[in-house]
Amino acid sequence: MSNVIPLNPPPKEDNYPFWRSGGKILTNKLISFLTENGFAQFQGDESRTSKTFFIRNDNGVLQIHSADSIKGWLRDEVTSDNDLDIEEKDAIRDTLIRTSASCLTNWLQSLPRVSENEYKDTKPLTMFRDDADNCYIIFRNGVVHITADNIELTTIDKIFEKGNIWENSVIKHDIKIDDNVKSPFSDFCRYAMKRGVTPLRSNNNIDEGTDTEEYKSAYDSFETGYGYMIHQFNPPQDQRVVVFVDVNSSPTRTEGGNGKSAIMKSMKYYRPYAFIDGEQFRPSSDDSSRFNFTAVRPDTGIVLINDLKKNFDLRQMYSAISDDFVVEGKNRNKLTIEEKKKPKFGITTNFTIRGLGNSNSRRQ
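The following refers to the structure shown.

Secondary structure summary: the protein contains 10 helices and 15 strands in total. Counting across all 364 residues of the protein, residues that qualify as buried make up 44%. At a minimum sequence separation of 6, the contacts of the protein that also span at least 24 residues come to 68%. Approximately 19600 Å² of the protein is accessible, and the part contributed by carbon and sulfur atoms is 46%.

Right, let's get into helix 2 (residues 67-79). Between its terminal C-alpha atoms helix 2 stretches 18 Å, which fits the 18 Å expected from 13 residues at 1.5 Å a residue. When helix 2 is considered as a whole, its buried residues turn out to be A67, I70, K71, G72, W73, L74, E77 and V78. Contacts from the buried residues of helix 2 go to helix 1 (27-36), strand 1 (39-43), strand 2 (52-58), strand 3 (61-65), helix 3 (86-98) and helix 4 (101-108).

On to the nonpolar core, then. With 22 residues, the main nonpolar core has F293, I305, L314 and M317 as its most contacted residues. Elements represented by at least two residues in this core include exactly strand 11 (273-277), strand 12 (302-308), helix 9 (318-322), strand 13 (325-327), strand 14 (335-337) and strand 15 (344-349).

Quick look at the environment of F139 now. Turning to its location among the elements, F139 is positioned in strand 6 (residues 135-139). Those residues within four positions of F139 in sequence are excluded, and the remaining contacts are V144, V170, I171, H173, I175 and Y269.

Of the consecutive residues Y16 and P17, the connecting peptide bond is found in the cis state with omega at 5 degrees. Tracing the backbone shows P17 in the segment before helix 1. Even without being a glycine, N59 presents a positive backbone phi close to 55 degrees. Note on placement: N59 falls in the loop between strand 2 and strand 3. Unusually for a residue other than glycine, D121 sits at a positive phi of about 70 degrees.

Conventions used here
Residues numbered from 1 in each chain as written. Predicted model: local features only at pLDDT ≥ 70, side-chain atom pairs only at ≥ 80, totals over all residues. Heavy atoms only, no water. Helix = DSSP H or I, 4+ residues; strand = E, 2+ residues; numbered from the N terminus. Buried < 20%, exposed > 50% of the residue type's maximum accessible area, 1.4 Å probe, protein only. Contact = heavy atoms within 4.5 Å. Areas by Shrake-Rupley, 256 points an atom, 1.4 Å probe, with all protein chains shown as cover. Expected span 1.5 Å × (residues − 1). Core = buried A, V, L, I, M, F, W, Y, C linked by side-chain atoms within 4.5 Å.

Below is the structure:
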C-alpha cells in the first residue's frame, strides 16, 4: 500500500518544539512537525491551482480538518507535554491563541499535497474501497463483511492492509451479528411493500399479502436497490440512481406516507450520507443548480435527494450518475470524484420521474 502520510509518525523531537523561547513560532518547523504527524492538503481536482482542504492521517483513518481544528490540535499537543515548564507552555499557547485562522491557513499552504487520483505534483493516497464481490461496513468494534453467500464480523486490521478510510465511514456504534434477533425494521419493510393489507397491532397477519407475485417482485426490487445503495462498488456501465416512489403515484397523482423517506434515511446507519431537500433542488436551467450537491464531501457514501418536486427531469443528473461527479460548493473547494469512487444516489418522490426511453430507464 502506498501511503504518503506516515502511519507511524516519527518521534515528536524531530521538529519539536516548533517555537523559540518566548513562544515565537518557527513556521518551517511547524509545517514539518504537522507533516510528521500526518497532516496534508487533499486535492480533489486536477488543477494545481484548485483549492484544497486539510486532512490528517491518524494511523490509516483520515480526518478532515480546518485551520481552527489544527490550531486546537496543536494546543492540545502542547498542553499534554509534561516536559515543558509552565511559563514556556503558556507562552506558546498564548501565541497559538493570538494566531488568526487566516494567518495559519497561509502557513498551512506549505503542507504536502495528496490526492487519490494521483494528480500532478501530488503524492498518491491509497483508499480502501469495496469491490464487486465484497461489501464492508465499518463499525466501532469491527467490520461487517458481506458477500453473496455470507455475512460475518471481522477485524478492522484487514481494512488497513488495503488502504486508508475516512473517519466518518466508521459508524459510532457497536455491532453484533445474531440471526436469532427479530428486527422491527425488517417488519416495517415487509409491511411497507404490501398493498391492500391493514397492519394490526398483533403479529398475526405479518405474512398476509406476502404470497403474491406482485409483492415478491416489489420486495425483490426493494432489497436489490437497498443493497446497491450501501455497497460502495460502482459497476462499470451499470451505474444507477435508486428511486423510491409509491406504487400508485403517477405524473398527475401524488401518493405519500408509505415509508419511502424512513427507509431511505435508514441508510445513514451504514454509510456517511448527504441529505438534500428536494424542494430546494434546482433545475438545470437555474444557474444555482451547480450548487445542488454542495453538501457532498469526499467521505460521502450516499446522496439522498428527499421528496423531489413534480416534473423533475432525470436528464439533468445523467452526468452525475454515469460519469465523474463534480461537486461545487458556495465559497468552498470544487471537488471531482471519479465515477468508480463516487457515492450512490437515491431519490424519494411522490411523483413518477419524467423521461422516457432507454437512457432514462437504464439509469434508474
